[in-house]
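Structure assessment
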Amino acid sequence: MRAKNKMQKLGIDYIDINLDNYPERRAEAKERSGRNTVPQIFFNNRHIGGFDDFDKLVREDFFLVYSVKFKKPQLGFITVVVSKK
């Protein structure tokens, strides 16, 4: 929830793949991220990590550097893999 809230606050569009609704995607998420925890965040198909990893990148202005050409914090294709559990 923190990842989605932070993205909404920053105005970053994202796609939420909820593993409770799509349990068949759980194995794919684990294979792509190498992790069992959620959320797992991908930026333009590149694994960023969990919320702490994403938050650190935002604090270090990683995403804002890439947003310069867009003139806004719309940074690309963000996918958040989450589970309500």
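The text that follows walks through the structure, step by step, so that each part is easy to find. (Residues numbered from 1 in each chain as written. Predicted model: local features only at pLDDT ≥ 70, side-chain atom pairs only at ≥ 80, totals over all residues. Heavy atoms only, no water.)

**Remarks on unusual backbone geometry**
Heads up, the rule is: Only DSSP runs of H or I covering at least 4 residues are called helices, and only runs of E covering at least 2 are called strands; the numbering of each starts at the N terminus.
At the junction of Val38 and Pro39, the peptide bond is cis and its omega measures out at 5° in the coordinates. Mapped onto the elements, Pro39 comes out in the loop between helix H2 (26-33) and strand S2 (40-43).

**Notes on helix H3 (residues 51-59)**
To keep it simple, the criterion reads: Exposure classes here rest on a 1.4 Å probe applied to the protein chains alone. A residue is buried below 20% of its type maximum, exposed above 50%, and partly exposed in between. In this description, the arc belongs to the directions extending from the helix axis to the C-beta atoms.
When we look at burial in H3, the residues that qualify are Phe51, Phe54, Asp55, Leu57 and Val58. All buried residues of H3 project into a common sector of 160° when viewed along the axis, lining one side. The exposed set on the far side of H3, more than 90 degrees from its buried face, consists of Asp52 and Arg59.

**A closer look at the pattern of salt bridges**
Applicable threshold: A carboxyl oxygen of Asp or Glu within 4 Å of a side-chain nitrogen of Lys or Arg is what we treat as a salt bridge.
For the structure on display, the rule yields seven salt bridges. With a shortest N-O distance of 2.8 Å, Glu28 and Arg25 are connected by a salt bridge. Where Arg59 meets Asp55, a salt bridge forms, and the shortest distance between an N and an O atom there is 3.2 Å. Of this pair, Arg59 and Asp55 both sit in helix H3, four residues apart, which is roughly one turn of the helix. The exposure class of Asp55 is buried, given its relative accessible area of 14%. Through salt bridges that share partners, Lys6, Asp55 and Arg59 make up one connected network.

**Overview of the packing of helix H1 (residues 2-10) against H3**
The condition that has to hold: All axes here are fitted lines through C-alpha atoms, helices being fitted over the stretch that makes contact, and every angle between N-to-C directions spans 0 to 180 degrees. Note that the term roughly parallel is reserved for angles under 35 degrees, roughly antiparallel for angles over 145, roughly perpendicular for angles of 65 to 115, and oblique for everything else. We call a crossing left-handed when the near helix sits turned anticlockwise from the far one by less than a right angle, and right-handed when that turn is clockwise. By definition, residues are in contact when any of their heavy atoms lie within 4.5 Å. All residues other than Ala, Val, Leu, Ile, Met, Phe, Trp, Tyr, Cys, Pro, Asp, Glu, Lys and Arg, Gly among them, are scored as polar; the first ten of these are nonpolar and the last four charged.
The contact between H1 and H3 brings their axes to 9 Å, and the two run at 25°. With respect to H3, the axis of H1 lies roughly parallel. Viewed along their axes, H1 and H3 form a crossing whose handedness is left-handed. Contacts between H1 and H3 involve Arg2, Ala3, Lys6, Met7 and Leu10 from the former and Phe51, Asp52, Phe54, Asp55 and Val58 from the latter. Residues that form the contact of H1 with H3 fall into these classes: six nonpolar, no polar and four charged.

**Quick notes on the nonpolar core**
Formally: By nonpolar core we mean a set of buried residues, namely Ala, Val, Leu, Ile, Met, Phe, Trp, Tyr and Cys, connected to one another through side-chain atoms within 4.5 Å.
Counting ten residues, the largest nonpolar core is built from Ala3, Met7, Ile12, Ile41, Phe43, Ile48, Phe51, Phe54, Leu57 and Val58. Ranked by residue count, the leading element in this core is H3, at four residues.

**Points about the environment of Lys30**
Topologically, Lys30 is positioned in helix H2. Between the alpha carbons of Lys30 and Gln40 there is a distance of 9.0 Å; along the sequence they are ten residues apart. Once residues within four sequence positions are removed from consideration, Lys30 is found in contact with Arg35 and Asn36.

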